[in-house]
Amino acid sequence: MPFRPEEPASARAPAKGYVAVMIRRRARDGTFMRASIMSGFYEFAQALGADPAQMLARAGIDPAAPGAPDTLVPFRAYGALLETMAEETGRADAGLEWALDGPAHFPCCGPMLLVAATTPTFGEWVGRAAAYWRLHTNALSPRTIDDGAGGVILRFDRNGAPPARRQQMEHIFAAATR
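Keep in mind the model is a prediction, meaning the values are calculated, not measured.

S.K.: Please clarify how the nonpolar core should be interpreted in this entry.
M.R.: Counting 38 residues, the largest nonpolar core has Met38, Phe41, Ile61, Tyr78, Leu81 and Met85 as its most contacted members. Secondary-structure elements contributing two or more residues to this core are helix 1 (41-47), helix 2 (52-59), helix 3 (75-89), helix 4 (94-101), helix 6 (122-133), strand 4 (152-158) and helix 7 (166-177). The element that contributes the greatest number of residues to this core is helix 3, accounting for 7 residues. Non-local contacts of leucine 81, meaning those with residues more than four positions away in its chain, are made with Met38, Phe41, Met55, Leu56, Ala59 and Ile61.

And the structure:
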């Protein structure tokens, strides 16, 4: 059966021995995040007293996305989800809290965790991780800038993406560097 990204995963029966993976169309501006960044969303939102399915629906994200790490979620919708969570729960730092609340095995990091284990400095990690970053999002690209005093500044360049919202940027940065 030909692959059609707009077709829901439930509409296709996987061949025997294969696992169905949901992949949604990218946002109209073409920017996306892998849903792996939303690992633990249901548990975290519920712990704050929120209704995670309603928040996902209002943001335009398939409620099954947090459980399907390879699903592509529009970058703008992911930002709206985080801002909604902060507003509805009254937690000004909800994006940071969620990233730091994640499980110890870092399910959102993928190959970047392996890269981190093999690089001696943060600057080298960012340099190497940049090669894999596109597997997580095409909205932002990390790069380092030498600060002239032996340190580095981490910068995220937008690749045609809408400006990241506060909660979104804090969640991405905390999840990537914790």
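Now that the structure has been shown, the text picks up again.
S.K.: Just to check I follow, could you spell out the packing of aromatic side chains for this structure?
M.R.: On inspection of all chains with the given rule, the structure shows 2 aromatic pairs. Aromatic side chains phenylalanine 41 and tyrosine 42 sit 6.1 Å apart centroid to centroid with 70 degrees between the ring planes, which places their arrangement in the edge-to-face category. Joined through ring pairs, the aromatic side chains of Phe41, Tyr42 and Trp98 make up one cluster.

Rules and cut-offs
Residues numbered from 1 in each chain as written. Predicted model: local features only at pLDDT ≥ 70, side-chain atom pairs only at ≥ 80, totals over all residues. Heavy atoms only, no water. Core = buried A, V, L, I, M, F, W, Y, C linked by side-chain atoms within 4.5 Å. Buried < 20%, exposed > 50% of the residue type's maximum accessible area, 1.4 Å probe, protein only. Helix = DSSP H or I, 4+ residues; strand = E, 2+ residues; numbered from the N terminus. Contact = heavy atoms within 4.5 Å. Phe/Tyr/Trp six-rings, centres within 6.5 Å; stacked < 30°, edge-to-face > 60°.

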